[in-house]
Amino acid sequence: IRLAHENAMQVHVWTVRADHLPMFAESVDQLLDWLVQDNGADGIFSDHPDAVVRWRASTSPKSKSGPFQLIRQR
């Protein structure tokens, strides 16, 4: 992600699933923290948008995540 950002590119993660987490993540919130706050992902594609919306609502809008924001929320 750092290298992409240094070259004026954005990184959108495909696809975050709350029911199929990588071994290092104990929850979808932990995975999203790692992707966005720790590593600076610019966007998320997810089969569980409710989990991403809930996570984003619980994070500070002034996080170090950069430009990640919900474009449309229902």
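Rules used in this analysis
- Residues numbered from 1 in each chain as written.
- Predicted model: local features only at pLDDT ≥ 70, side-chain atom pairs only at ≥ 80, totals over all residues.
- Heavy atoms only, no water.
- Phe/Tyr/Trp six-rings, centres within 6.5 Å; stacked < 30°, edge-to-face > 60°.
- Helix = DSSP H or I, 4+ residues; strand = E, 2+ residues; numbered from the N terminus.
- Buried < 20%, exposed > 50% of the residue type's maximum accessible area, 1.4 Å probe, protein only.
- Arc of directions from axis to C-beta.
- Contact = heavy atoms within 4.5 Å.
- Salt bridge = Lys/Arg side-chain N within 4 Å of Asp/Glu carboxyl O.

## Concerning the packing of aromatic side chains
Consideration 1: Applying the stated rule across the entire model yields two aromatic pairs.
Consideration 2: Relative to Phe45, the ring of Trp14 has its centre 4.5 Å away and its plane inclined at 45°; by these criteria the two rings are tilted. Remark: Phe45 occurs in strand E2 (residues 43-46) and Trp14 occurs in strand E1 (residues 12-16); sequence separation between them is 31 residues.
Consideration 3: With a relative accessible area of 67%, Trp14 lands in the exposed category.
Consideration 4: Judged by its relative accessible area of 40%, Phe45 falls in the partly exposed class.

## Things to note about the environment of Ile44
Consideration 1: Along the chain, Ile44 falls in strand E2.
Consideration 2: Sequence-wise, Ile44 and Trp14 are 30 residues apart; in three dimensions their C-alpha atoms are separated by 6.5 Å.

## Some thoughts on helix H2 (residues 28-38)
Consideration 1: Listing the buried residues of H2 in full gives Val28, Leu31, Leu32, Leu35 and Val36. One side of H2 carries all its buried residues, which in axial view fall inside an arc of 105°.
Consideration 2: As for H2, its buried residues are in contact with E1, E2 and helix H3 (49-58).
Consideration 3: The positive-phi residue at the C-terminal boundary of H2 is Gly40, with phi of around 85°.

## Considerations on the pattern of salt bridges
Consideration 1: Scanning the model with the defined rule gives four salt bridges in all.
Consideration 2: Put simply, Glu6 and Arg2 hold a salt bridge, and the shortest N to O gap is 2.7 Å. Here Glu6 pairs with Arg2, and both are found in helix H1 (residues 2-6), just four residues apart, close to one helical turn.
Consideration 3: The shortest N-O distance in the salt bridge between Arg54 and Asp29 comes to 3.1 Å. Remark: Asp29 occurs in helix H2 and Arg54 occurs in helix H3; sequence separation between them is 25 residues.
Consideration 4: Its relative accessible area of 44% is what places Arg54 among the partly exposed residues.
Consideration 5: Classification of Asp29 by relative accessible area gives partly exposed; the value is 25%.
Consideration 6: What you see here is one network of salt bridges that share partners, running through Arg17, Asp19 and Asp47.

## Looking at unusual backbone geometry
Consideration 1: At the junction of Trp14 and Thr15, the peptide bond is cis and its omega measures out at -20° in the coordinates.
Consideration 2: With respect to the secondary-structure elements, Thr15 resides in strand E1.
Consideration 3: For Ala8, which is not a glycine, the phi torsion comes out positive at approximately 60°.
Consideration 4: Tracing the backbone through its elements, the reader meets Ala8 in the loop between H1 and E1.

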